[in-house]
Protein chains: 2
Amino acid sequence: MTQDAFSKTLITTASDQVFVDMRREIVEGSIAQGSKISEPELAKRYGVSRATLREALNRLESCYLIERKANVGCRVVALTAERLIEVYQVRSALEGLACRLAADNMAADEVQSLKQLLNQHLQTQRVKEGESYYQEAGDLDFHYRIIKASKNEHLIHLLSNGLYQLIRMYRVQMGMVGPRVSKAFDEHLAIINAIENHDGELAEMLMKRHINASQSNIQAKFERYKSI
Amino acid sequence: MTQDAFSKTLITTASDQVFVDMRREIVEGSIAQGSKISEPELAKRYGVSRATLREALNRLESCYLIERKANVGCRVVALTAERLIEVYQVRSALEGLACRLAADNMAADEVQSLKQLLNQHLQTQRVKEGESYYQEAGDLDFHYRIIKASKNEHLIHLLSNGLYQLIRMYRVQMGMVGPRVSKAFDEHLAIINAIENHDGELAEMLMKRHINASQSNIQAKFERYKSI
DNA sequence: TTCTTTAAGATTGTCGACAATTTATGGTTA
DNA sequence: TAACCATAAATTGTCGACAATCTTAAAGAA
């Protein structure tokens, strides 16, 4: 029994493994967006039976990475601009809530640990140079910690098992690196300060703006990407 | 192929039917909260194979009605006060968003139709007498229409396929009828007015308050229920 | 007695095969 | 040629059986 790095999913069964593997392939684009999924073909490829594969497919559907139609089959979700907006509207509302709850609940040492994390990011050369590390794993980590600090299990599940892989899919496949990195860092700093002051209202507002800015950024990239 | 009344789920396959049936039984309490689910037993009871049953179980897990542990099995979710708070915090954020979007998007004739629905509720004798009709189906219908009017498919799915059955489960099993009915009606009216004026900010705020009030109400009932 | 170990029983995970449905193919007709 | 229908092929839905794991209960040691 092992553990997945991104979603902290415990990998116990064969279908767990297939689920995590397929999820990575879909997020990274190895399995192309919008492509049809053939159960017999994929079962053979992963070396499992169709029953095991279907178990994994069910869970991929739960986190919105594939879509099923009865008696027809599965398709990998297609990344559209409209869908991106929808997802970010939801994300903004939910992470805003998470941030408010974090500001209410977070203990002093947790705040310190979070500040330390951000300092690490600052001092890492890669951040200054705007490399992908921060934007991907680092940013993810920051947001994840705040979500976790909300102490609302339902919310945590909704975000980390539901929305995040989908958001990663957009970001990874758009190749999200660029000038927003340093600006995002400042916004993170402001959010921490609000949390430290237990100012839930402000923390929520800052997080929402932060995510909206992130949305505008990725959306601009999206337009450029589509016009090519 | 038929259709389910509550979630508008299309029932095509055998597992669809089992899913809808089990969901109703869990929501209504026929299958007790916290109880262990035996796959062989339920498969026999519904007259399907275990594979079909497991398909349904997967989907029940997606809408948070049961919880699975690998190699151990499923349990019906247990209704705790903590969980109720968590769910309502999320609901408040999401329906607040839905209400804001509805205020932005809703066409004049849609607003009129919604007002008409509310008038029907008012004129129905049962409402005045505080019977369960309004609180259950009527209230649900009102909220559902606003959610739908948000035009955000992801949000719609999250609420109607995700949270709503769980919320119904609390309400049904607590027996939610009582003096809040008329007050809730007034709140609904205020929300519609805000939507009609396309005042998204106000509409969001009113909806959040409406849901928070509803939470307090059900929570009070919960305490009484638990102390017996 | 109480705790640990072990074996039996029961439950879940996985598999391959069959049935039902959809999709592709090819032939017919207007 | 285009539209329609019938047939064949492929895909999904469902089933029963076996393997792997957990749970329970009995037996033995401290």
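The rules behind the values
Residues numbered from 1 in each chain as written. Chains lettered and ligands numbered in written order. Predicted model: local features only at pLDDT ≥ 70, side-chain atom pairs only at ≥ 80, totals over all residues. Heavy atoms only, no water. Phe/Tyr/Trp six-rings, centres within 6.5 Å; stacked < 30°, edge-to-face > 60°. Helix = DSSP H or I, 4+ residues; strand = E, 2+ residues; numbered from the N terminus. Buried < 20%, exposed > 50% of the residue type's maximum accessible area, 1.4 Å probe, protein only. Lys NZ or Arg CZ within 6 Å of the ring centre and 35° of its normal. Contact = heavy atoms within 4.5 Å. Salt bridge = Lys/Arg side-chain N within 4 Å of Asp/Glu carboxyl O. Polar contact = N/O pair within 3.5 Å; in protein donor to acceptor, adjacent residues only side chain to side chain. Near = heavy atom within 4 Å. Nonpolar A, V, L, I, M, F, W, Y, C, P; charged D, E, K, R; others polar.

**Some words on the packing of aromatic side chains**
Residue and element names in this part refer to chain A.
Link 1 in the chain: Tallying each qualifying case throughout the model produces two aromatic pairs over all chains.
Link 2 in the chain: For the ring pair Tyr170 and Phe222, a centre distance of 6.2 Å and an interplane angle of 45 degrees mean the geometry is tilted. Note that Tyr170 is positioned in helix α8 (residues 153-174) and Phe222 in helix α10 (residues 200-227), a separation of 52 residues in sequence. Here Tyr170 matches Phe222 in class, with each residue buried.
Link 3 in the chain: Looking at Arg59, its charged tip hangs above the ring of Phe19, at a distance of 4.5 Å from the centre.

**So, the interface of chain A and chain B**
Link 1 in the chain: Taken together, the 30 residues of chain A in the interface contact 30 residues of chain B.
Link 2 in the chain: The interface formed by chain A and chain B contains four salt bridges.
Link 3 in the chain: Where chain A packs against chain B, one counts 13 residue pairs in polar contact (both at pLDDT 80 or more).
Link 4 in the chain: Of all the elements in the fold, those that place two or more residues in the side of chain A that touches chain B are α3 (50-62), α4 (81-105), α8 and α10 of chain A.
Link 5 in the chain: The dominant element in the side of chain A that touches chain B, judged by the number of residues it contributes, is α4 of chain A, at nine residues.

**What to know about the protein's contact with DNA strand D**
Link 1 in the chain: Of all residues adjacent to DNA strand D, which total 21 residues, the nearest are Arg50 and Arg54 of chain A together with Ala14, Ser49 and Thr52 of chain B.
Link 2 in the chain: Restricting the count to atoms of DNA strand D within 4 Å of the protein gives a sugar and phosphate share of 70%.
Link 3 in the chain: Between Glu39 of chain A and DNA strand D, the recorded distance is 3.4 Å, taken from a backbone N or O atom to a phosphate oxygen.
Link 4 in the chain: Within the contact set of DNA strand D, a phosphate oxygen lies 2.4 Å away from a backbone nitrogen or oxygen of Ala14 of chain B.
Link 5 in the chain: Only β3 (36-37), α2 (39-46) and α3 of chain A together with α1 (14-28) and α3 (50-62) of chain B provide two or more residues apiece to the surface near DNA strand D.
Link 6 in the chain: It is α3 of chain B that contributes the most residues to the surface near DNA strand D, three residues altogether.
Link 7 in the chain: Among the residues forming the surface near DNA strand D, the class breakdown is eight nonpolar, seven polar and six charged.

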